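Working through the structure, step by step
One-letter residues, chain by chain:
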Amino acid sequence: MKKTNATLILALAASLVIIALGRGAVLQQSAGELFEKALYIEEGQGDLQKAIGIYQDLLKRFPDSREIAAKAQLHIGLCYEKLGLAEAQKAFQKVVSDFPEQKEAVTLAREKLSRLPAATAALEKGSGEIRIRKVWDNAVDSYFLGSPSPDGRLMTYVDWDNFANLGVRNLTTGESRLLTDNKSWESGEMCYKSVFSPDGSQIAFAWQTKEGPVQLRIIGTDGSGSRVLSDGKDTTSQQLGAWSQDGRQLLAYRFGADRTVEIILVLVEDGTVKPVKTLTGLGAVSIKLCLSPDARYVAYSCPRPEDLANIDVFAVSADGSRETTLISHPAADAVLGWDPDGKRLLFKSDRTGSTGLWSIAVAEGVPQGEPRLLKTDLGAFSPLGLTRDGRLFYGLHTGWR
């Protein structure tokens, strides 16, 4: 008790001494510390909403610290630029109108304002077109391993109520049918990821065999013509990513005995494998990947080996000759797919504190500008795939199942 009282008294005495030295110095120091805290939360943790709150608190508490307040107002705009462009425009305008003497902040704000009108119109148009519609309630594929057909009429799925067989569901009629005939759990066989061909006539899927290896197989949408494309004997496992738009290649990845992950393209005609990229230091970590519509670039998301909680997004040319980082952020980001025109990459991110849908413009495998938030608070969703007209299908757990 004596130590506690002494500590309290000492702190109070120190505060009185600082106040005696000059109130302006304390305010300036406190404003600077608050700004640095907000900046760390914005750039270091990626929690933009929380950072905005701290910047706004700084403006209320320290209006006379003009230089720091102008920076805080500018960073509110920078945060809103990623979260909502209409709010960003207002925030940048306040820098110009409220802090005219702060030339550096005003110059940056004016530069941002000059670029916002066209982007604002595009965002308002895009957000108005985003609609969410439930297409399958109580889905039996609780791991969301299926994908939609190119026209969005059908959905593949793993039927966990029927020994993990591959199924196809008509989302219009609600009719479901099985394409494989596994009859017991004792067989050790099961279906994993499945993907429709671009014309919707075939389905590629990963199949766990009773012998052990995971095979890549192809089957007709009507259940005919099943064949093994890759036997998987030289891997510890392999999984599907996507089908090329010309129907000639399948994007996949496989795990090696040396704990490497290899991204590959498999020719549909004869199963020939074309290596794209080998990732090391990841072990058996699952990755997300998709192929650009022109089949020239593979976008993939995976943890950085030195920090498995930090998931970033990369683009590598299909021949493996060139790679760029598309998204580098402390948050967990995951690839969803390319827009049908190949100009934007969709990804999900929890950088704002909740999982949202984002996009970034990409040209020649290189990011163009900052990511844009398209839809916030979607929950911990699992992507299923994009249709040819740009609809994103995803799964969401709403209860035990």
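Okay, so let's go over this structure. (Residues numbered from 1 in each chain as written. Predicted model: local features only at pLDDT ≥ 70, side-chain atom pairs only at ≥ 80, totals over all residues. Heavy atoms only, no water.)

The next thing to look at is the environment of Lys288. Inspection of the secondary structure assignment puts Lys288 in strand 12 (residues 288-291). On a C-alpha basis, the gap between Lys288 and Gly337 in space is 9.4 Å, while along the polypeptide they are 49 residues apart. Ignoring anything within four residues of it in the chain, the contact list for Lys288 reads Ala299, Tyr300, Ser301, Ala334 and Val335. (Helix = DSSP H or I, 4+ residues; strand = E, 2+ residues; numbered from the N terminus. Contact = heavy atoms within 4.5 Å.)

Strands sit in the order 1-2-3 across an open sheet of three strands; the sheet is antiparallel. Each end of this open sheet is capped by a strand with a single partner; those strands are strand 1 (154-159) and strand 3 (176-178). Averaged over neighbouring strand pairs, the angle between their axes works out to 30 degrees when direction is ignored. Summarising the sheet, strand 2 (residues 165-170) and strand 3 pair through three bridges and their orientation is antiparallel. Within strand 3, the position partnered with Val168 by the bridge is Arg177. (Pairing = 2+ DSSP bridges. Axes fitted to C-alpha atoms, helices over the stretch in contact; angles between N-to-C directions.)

Consecutive side chains along a regular strand alternate between the two faces of the sheet. In this structure, strand 18 (residues 356-363) lies alongside strand 19 (residues 366-375), joined through six bridges in antiparallel fashion. The residue of strand 19 that forms the bridge with Val362 is Pro367. Hairpin geometry of strand 18 and strand 19 is characterised by an intervening segment of two residues between the two adjacent antiparallel strands and by a positive phi of about 55 degrees at Glu364.

This part covers the nonpolar core. Within the largest apolar cluster, 48 residues are counted, with the highest numbers of intra-cluster contacts made by Phe35, Tyr55, Leu58, Ile76, Leu326, Trp338 and Leu345. When residues in this core are grouped by element, the largest group, nine residues, is from helix 4 (residues 66-83). Those residues in contact with Leu345 that lie beyond four places of it in its chain are Cys290, Ala299, Val313, Leu326, Val335, Gly337, Trp338, Trp358, Ser359, Ile360 and Val362. Ranked by size, the runner-up nonpolar core spans 19 residues in total, among them Leu282, Ile287, Leu291 and Ala295. (Core = buried A, V, L, I, M, F, W, Y, C linked by side-chain atoms within 4.5 Å. Buried < 20%, exposed > 50% of the residue type's maximum accessible area, 1.4 Å probe, protein only.)

This brings us to the sheet that holds strand 16 (residues 333-338). As summarised here, the arrangement of the four strands in space is 16-17-18-19, forming an open sheet in which the pairing is antiparallel. In this open sheet, the two edge strands, each paired with only one partner strand, are strand 16 and strand 19. Geometrically, the sheet is characterised by an average inter-axis angle of 30 degrees between neighbouring strands, direction not taken into account. Relative to strand 18, strand 17 (residues 344-349) runs antiparallel, the two sharing six bridges. The residue bridging Phe347 from the neighbouring strand is Trp358, located in strand 18.

Counting through the fold element by element, Leu374 comes out in strand 19. With 291 residues separating them along the chain, Leu374 and Leu83 place their C-alpha atoms 8.5 Å apart. Excluding residues that lie within four positions of it along the chain, Leu374 makes contacts with Ile130, Arg344, Leu346, Leu357, Trp358 and Ser359.

On inspection of all chains with the given rule, the structure shows 10 aromatic pairs. Between Trp136 and Tyr157, the ring centres sit 5.2 Å apart and the planes meet at 85 degrees, which makes this aromatic pair edge-to-face. Of this pair, Trp136 sits in the loop between helix 6 (103-129) and strand 1 while Tyr157 sits in strand 1, and the two are 21 residues apart along the sequence. A relative accessible area of 3% means that Tyr157 is categorised as buried. Clustering of aromatic rings is evident, with ring pairs tying together Tyr143, Trp160, Phe163 and Trp185. Here Arg351 stacks its cationic end above the ring of Trp358, 5.0 Å away from the centre of that ring. (Phe/Tyr/Trp six-rings, centres within 6.5 Å; stacked < 30°, edge-to-face > 60°. Lys NZ or Arg CZ within 6 Å of the ring centre and 35° of its normal.)

For the rest of this paragraph, the subject is the environment of Asp333. Along the polypeptide, Asp333 turns up in strand 16. The class of Asp333 is buried, set by a relative accessible area of 0%. In the structure, Asp333 is positioned 31 residues away from Cys302 in sequence and 8.5 Å away in space, judged by C-alpha atoms. Beyond its immediate sequence surroundings of up to four residues, Asp333 is in contact with Ser301, Ile311, Asp312, Val313, Ile327, Phe347, Lys348, Ser349 and Arg351. In this structure the side chain of Asp333 is engaged in a polar contact, spanning 2.5 Å, whose partner is the side chain of Ser349. (Polar contact = N/O pair within 3.5 Å; in protein donor to acceptor, adjacent residues only side chain to side chain.)

Once that is clear, we can look at unusual backbone geometry. A positive phi is found at Asn138, a non-glycine position, where the angle reads about 55 degrees. By relative accessible area, which is 57% here, Asn138 ends up exposed. Although it is not a glycine, Phe163 adopts a positive phi angle of roughly 55 degrees. Structurally, the position occupied by Phe163 is in the loop between strand 1 and strand 2.

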